[in-house]
Amino acid sequence: LILQVHSGGGFVPVVWHLRELPLFSLYGDGRLITQGPQIAIYPPPALPALVERQVSEEGIQAILRAAREAGLHGADQRYEDLGVTDVPTTTFTVVTEGQTHQTAVYGLGELPEYGPVGDREARQKLVEFQSELLNLESWLPRGSVSSDRPYEFSRLQVFVVPASEGRGDVSGDDQLEPSRKAWPLPEPLSSFGEPMPNTPDIRCGTVEGADLNEVLEAAGQANVDTLWRSGGDVSLLAFRPLLPG
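Residues numbered from 1 in each chain as written. Predicted model: local features only at pLDDT ≥ 70, side-chain atom pairs only at ≥ 80, totals over all residues. Heavy atoms only, no water.

1. Examining the overall build of the protein chain
Then step 1. In terms of regular secondary structure, the protein chain is built from 5 helices and 14 strands.
Then step 2. Taking 245 residues into account, the globule formula puts the C-alpha radius of gyration at 18 Å, and the protein chain, at 20 Å, falls close to it.
Then step 3. For the protein chain, the C-alpha atoms occupy an extent of roughly 55 × 40 × 35 Å along the three principal directions.
Then step 4. Within the protein chain, the fraction of its 245 residues that count as buried is 41%.
Then step 5. A separation threshold of at least 6 residues defines the contact pool for the protein chain, and within that pool the share at least 24 residues apart is 67%. (Helix = DSSP H or I, 4+ residues; strand = E, 2+ residues; numbered from the N terminus. Rg over C-alpha atoms; globule rule 2.2 N^0.38 Å. Buried < 20%, exposed > 50% of the residue type's maximum accessible area, 1.4 Å probe, protein only. Contact = heavy atoms within 4.5 Å.)

2. Brief notes about the confidence of the model for the protein chain
Then step 1. The predicted model of the protein chain has a mean per-residue pLDDT of 89, with 91% of residues at 70 or higher.
Then step 2. Within the protein chain, helix 4 (residues 163–166) has the poorest average pLDDT of any element, 66, and strand 2 (residues 24–26) the best, 98.
Then step 3. For the stretch residues 167–172, pLDDT sits under 50, and the model shows 17 contacts to residues farther than four places along the chain or on other chains. (pLDDT = per-residue confidence, 0-100.)

3. Observations concerning helix 5 (residues 209–219)
Then step 1. Regarding helix 5, the residues found buried are L212, V215, A218 and A219. Take helix 5 and look down its axis: the buried residues cluster within an arc of 130 degrees, on one side only. Exposed positions of helix 5 whose direction lies more than 90 degrees from the buried face are A210, N213 and E217.
Then step 2. The inward-facing, buried residues of helix 5 contact strand 9 (155–162), strand 10 (180–182), strand 12 (203–208), strand 13 (227–230) and strand 14 (233–241). (Arc of directions from axis to C-beta.)

4. Quick notes on the pairing of strand 6 (residues 89–96)
Then step 1. Pairing geometry for strand 1 (residues 3–8) and strand 6, over 6 bridges, is antiparallel. Bridge assignment links G8 to a residue of strand 6, and that residue is T89.
Then step 2. Relative to strand 7 (residues 99–106), strand 6 runs antiparallel, the two sharing 8 bridges. From the neighbouring strand, F92 faces strand 7, where its bridge partner is T103.
Then step 3. Between strand 6 and strand 7, which pair antiparallel one after the other, the connecting turn spans 2 residues, and E97 there sits at a positive phi close to 50 degrees. (Pairing = 2+ DSSP bridges.)

Below, the structure is given as C-alpha cells:
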C-alpha cells in the first residue's frame with residue numbers, strides 16, 4: 001500500500017460500519033482500487049461496486065508529491081476539534097520508505113469556526129486533495145491512468161448480524177418488507193467464521209474458491225436489507241471484498 005483514504009464512523013448502525021470500504025487505495029505496482037458508481041435503487045445491492053485502474057510510475061510520483069503538499073508527511077496528525085457531532089472521520093494513510101503516516105480528520109469538509117488558523121488551513125488542503133484523488137484524469141500527466149474495470153477479488157469477508165438486532169437499523173424504514181434468501185453454503189451461519197471480539201453476537205468469516213462463487217451468485221440477487229435463512233435462523237449479512245494486503 002502507498003496511499004489510502006478511508007471514511008467511516010459517525011452515528012450510524014453497526015452494520016453500516018461493517019460495510020465500510022476505502023474510498024481510494026493505491027499500491028506500489030500501480031493498482032488503484034476505488035469505489036465505483038452505485039446503482040440508483042433502494043435498498044442498494046448487497047455487493048459493493050469496486051473498480052480497479054492502473055497508474056503509471058509517473059502518475060504515482062505525482063500523486064505522492066500532491067500528498068506531501070497536502071501535509072501528509074512527518075508525524076501522525078489528528079484534527080478533531082469541530083462544533084458538530086456524529087459525523088465520520090476521514091483517515092489518510094501514506095506509506096513511503098517503510099514508514100506509515102496517518103492523518104485523521106473528523107468531519108472532513110466542515111471548517112471549525114474556532115481553533116487554530118493552521119488547523120483550518122490544513123483541513124482545507126485535505127478537502128482539496130481528496131477532491132483531486134477522485135478526479136485524477138483532470139491533473140495527472142496524460143495517459144498515466146488507465147480506464148477502469150471491475151475489481152476482481154478472490155476473498156470475501158462476510159459479517160453475520162442477528163436479524164433481531166439489525167432489522168430496522170439498516171434502511172430506517174420498517175414499512176419495507178425485506179427480501180429473503182437461503183444461505184448457499186452447507187455450514188450454518190450460526191457457526192460461520194468467528195465471533196467478533198467486542199461484539200460476540202456478530203460473526204465474521206471469509207469465503208474463497210468454490211464457496212466464493214456460490215456466495216457471489218446468491219448475493220448478486222440480494223440487497224443490503226435481505227434476510228438470510230440458515231439452520232432455522234434469520235440473519236443480516238454484510239459483504240466486504242478484501243483488498244490486496
